[in-house]
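A look at the structure
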Amino acid sequence: MSSSATDVLELLSSREIEVLGLLAEGHTYSSIARRMHLSPHTVDTYLRRIRGKAGVSNRAHLMILALQVTRLDDVRLKGT
């Protein structure tokens, strides 16, 4: 787990973390939108904001970040 993922986790809202978690589970933008009762455009906006906060420039790096942040968030919630 990288320290940059830890830093990014601190910058993200709970909704952004939720979107990243669903992305890490393999959901598409449309599927995330349906699950969260949002428009696909709103999901895209969340992901653009996340990319900006994290300095991520492409989808592959976004997925890596999603996996790292989701793992960190799980550890943080368990208190371990």
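For the structure, check the block above.
Here the structure is a predicted model, which is why all the values come from computation and not from measurement.

Conventions and cut-offs
- Counting from 1, residues in each chain are numbered in the order their sequence is written.
- Whole-chain, interface and lining totals are the exception, using all residues; otherwise, since this is a predicted model, local features are given only for residues with pLDDT of at least 70 and side-chain atom pairs are given and counted only at 80 or more.
- Hydrogens are left out, water is left out, and the side-chain values use all remaining heavy atoms of the structure.
- Labels follow the DSSP assignment, with helices taken as runs of H or I lasting at least four residues and strands as runs of E lasting at least two, numbered in each case from the N terminus.
- Accessibility here uses a 1.4 Å probe with only protein chains present; expressed as a share of the type maximum, an area under 20% marks a residue as buried, one over 50% as exposed, and anything in between as partly exposed.
- Whether two residues are in contact is decided by their heavy atoms, any of which lying within 4.5 Å being enough.
- Just to be clear on terms, a salt bridge is a Lys or Arg side-chain nitrogen sitting within 4 Å of an Asp or Glu carboxyl oxygen.
- Grouping buried Ala, Val, Leu, Ile, Met, Phe, Trp, Tyr and Cys residues that are joined through side-chain atoms within 4.5 Å yields what is termed a nonpolar core.

1. Some details on the overall build of the chain
Helix and strand content of the chain: 5 helices and 0 strands. Mapped in sequence order, the helices and strands of the chain form the string α-α-α-α-α. Relative to its full complement of 80 residues, the chain shows a buried share of 38%. Across the chain, contacts joining residues at least 24 apart in sequence account for 61% of those joining residues at least 6 apart.

2. What about the pattern of salt bridges?
When their charged atoms lie close together, side chains carrying opposite charge are able to pair. Enumeration according to the criterion identifies 3 salt bridges in this entry. Of the charged contacts, one joins E18 and R15 as a salt bridge, the two residues approaching to 3.4 Å between their closest N and O atoms. One end of the pair, E18, and the other, R15, are both in helix 2 (residues 14–24), 3 residues apart, so they sit about a helical turn from each other. For E18, a relative accessible area of 35% puts it in the partly exposed group. Between R48 and D44 there is a salt bridge, with the nearest N and O atoms lying 3.1 Å from each other. You can see R48 and its partner D44 sitting in helix 4 (residues 40–54), 4 residues apart, about one turn around the helix.

3. Digging into the nonpolar core
L20, L23, L47 and L62 are the most contacted members of the largest nonpolar core, which has 23 residues in total. For this core, the secondary-structure elements that each account for two or more residues are helix 1 (3–11), helix 2, helix 3 (29–36), helix 4 and helix 5 (59–78). For L23, the contacting residues outside a window of four places in its chain are Y29, I32, L47, L62, M63 and A66.

4. Some words on the environment of L62
For L62, the position within the fold is in helix 5. By relative accessible area, which is 1% here, L62 ends up buried. Considering only alpha carbons, one finds L62 and R48, 14 residues apart in sequence, at a separation of 9.8 Å.

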